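Notes for the structure review
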Amino acid sequence: DLAACRWQPCKDPQPGATGAGGSPWPLLGDLLAQRYDVPVGFISVGVGSTAVAYWAPGGKGYPRLQTALVAAQKRFKARAVLWHQGESDSIAGTTADRYAQLLGSLIQQSRTDSKLSLPWGIARASFHPSPVATTARQAAIISGQNKVIATIPDAFAGPETDTYHTQGWLSDSVHFNQQGLAAHARGWATALAPLIEGKKPAK
């Protein structure tokens, strides 16, 4: 609850995010708390069906992220931003360079505005069943995400989720079922382990 700056149990649907379905965050929190014996909290600001331009500086989503980061800077000890997005850009046909430029500017500007130089975990996500989200368009999004991981300081590799539809881990044609959410949570736990243990996260 950002307005009151207070924590509440991590139950879906997540307060602050759109949608009424499940998320990996309760599962991830349990994994990290059990492994490291520390309290874990998440501030969710996700909006479904949005392209990276929606979140970039000047986009409608940027203030949502900034509100969360300002709250984190004032009251909480934030450790990282976890980014899982890309499917809408496969539909839109965003190029690899454009995706990397927009996401890179988002990371850099958010660090400046919030005065928080947080690491960013970037999941590789591009799959959408729409006919316009071609294999080539999806590959461009993954390329853009990988470019950000490789070139932006303190950006690190998150889970790769594009194969979930081949493993029966979707509840419909897009969203993850319980198996998919569990796999997603495990992927983030693996990606975050070096950061929590004081090591350099994987590029």
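This section reports on the structure supplied with the text. Keep in mind it's a predicted model, so treat the numbers as computed, not measured.

**Here's the deal with the pairing of strand 3 (residues 155-160)**
Most of strand 3 sits out of view: five of its six residues are buried. In this fold, the crossover linking strand 2 (residues 120-124) to strand 3 by way of helix 6 (residues 135-151) has right-handed handedness.

**Structural notes on unusual backbone geometry**
Peptide bonds are mostly trans, and most non-glycine residues show a negative phi. Cis geometry marks the peptide bond from Asp12 to Pro13, where omega comes out at -5°. With respect to the helices and strands, the residue Pro13 is situated in the segment before helix 1 (25-36). Of note, Asp154 is a non-glycine position whose phi angle comes to about 60°, a positive value. Of note, Asp154 is situated in the loop between helix 6 and strand 3. Assessed through its relative accessible area of 39%, Asp154 is described here as partly exposed.

**Concerning the pattern of salt bridges**
Using the criterion set out here, one finds four salt bridges in the structure. A salt bridge links Asp97 to Lys147; the shortest N-O distance between them is 3.3 Å. Of this pair, Asp97 sits in helix 5 (residues 96-114) while Lys147 is found in helix 6, placing the two residues 50 residues apart along the sequence. Overall, the relative accessible area of 38% leaves Lys147 in the partly exposed class.

**Observations regarding helix 7 (residues 178-196)**
An α-helix turns once per 3.6 residues; consequently, residues spaced three or four apart project the same way. The end-to-end C-alpha separation of helix 7 is 26 Å, in line with the 27 Å expected for 19 residues at 1.5 Å each. When we look at burial in helix 7, the residues that qualify are Gly180, Leu181, Ala183, His184, Ala185, Trp188, Ala189, Ala191, Leu192, Ala193, Pro194 and Leu195. Among the structural elements, helix 1, strand 1 (81-83), strand 2 and strand 3 are those in contact with the buried residues of helix 7. One or two positions beyond helix 7, positive phi appears at Gly198, with a value near 80°.

**Some remarks on the sheet that holds strand 3**
Overall, parallel pairing links the three strands, which are arranged 1-2-3 in an open sheet. Edge strands, defined here as strands with exactly one partner in the open sheet, are strand 1 and strand 3. Direction aside, neighbouring strands of the sheet carry axes that sit 25° apart on average. Packed onto the sheet, helix 6 meets strand 2 and strand 3 and runs at close to 155° relative to strand 2.

**So, the nonpolar core**
In this structure, Trp83, Leu103, Leu106, Ile107, Trp120, Ile122 and Val148 are the most contacted members of the largest nonpolar core, which totals 27 residues. When contributions to this core are tallied by element, the ones reaching two or more residues are helix 2 (52-55), helix 3 (62-75), strand 1, helix 5, strand 2, helix 6 and strand 3. In contact with Trp120, not counting residues within four places along its chain, are Leu65, Val81, Trp83, Leu103, Leu106, Ile107, Ser110, Arg111, Asp154, Ala155 and Phe156. Core analysis: the next-biggest nonpolar cluster, separate from the first, contains 13 residues, Ala185, Leu192, Ala193 and Leu195 among them.

**Let's talk about the packing of helix 1 against helix 7**
Where helix 1 contacts helix 7, the two axes come as close as 8 Å, and the packing angle between them is 45°. With respect to their mutual orientation, helix 1 and helix 7 come out oblique. The interaxial crossing formed by helix 1 with helix 7 has right-handed handedness. For the pair helix 1 and helix 7, contact is made by Trp25, Leu27, Leu28, Leu31, Leu32, Arg35 and Tyr36 and by Gln178, Leu181, Ala182, Ala185, Arg186, Trp188, Ala189, Leu192, Ala193 and Ile196, respectively. Here the residues of the contact of helix 1 with helix 7 sort into 14 nonpolar, one polar and two charged.

How each quantity is defined
Residues numbered from 1 in each chain as written. Predicted model: local features only at pLDDT ≥ 70, side-chain atom pairs only at ≥ 80, totals over all residues. Heavy atoms only, no water. Buried < 20%, exposed > 50% of the residue type's maximum accessible area, 1.4 Å probe, protein only. Helix = DSSP H or I, 4+ residues; strand = E, 2+ residues; numbered from the N terminus. Right-handed = clockwise from strand over helix to strand, strands pointing away. Salt bridge = Lys/Arg side-chain N within 4 Å of Asp/Glu carboxyl O. Expected span 1.5 Å × (residues − 1). Contact = heavy atoms within 4.5 Å. Pairing = 2+ DSSP bridges. Axes fitted to C-alpha atoms, helices over the stretch in contact; angles between N-to-C directions. Core = buried A, V, L, I, M, F, W, Y, C linked by side-chain atoms within 4.5 Å. Parallel < 35°, antiparallel > 145°, perpendicular 65-115°, else oblique. Left-handed = near helix turned anticlockwise from the far one by under 90°. Nonpolar A, V, L, I, M, F, W, Y, C, P; charged D, E, K, R; others polar.

Everything listed here is a matter of coordinates, which is why it stays silent on function.
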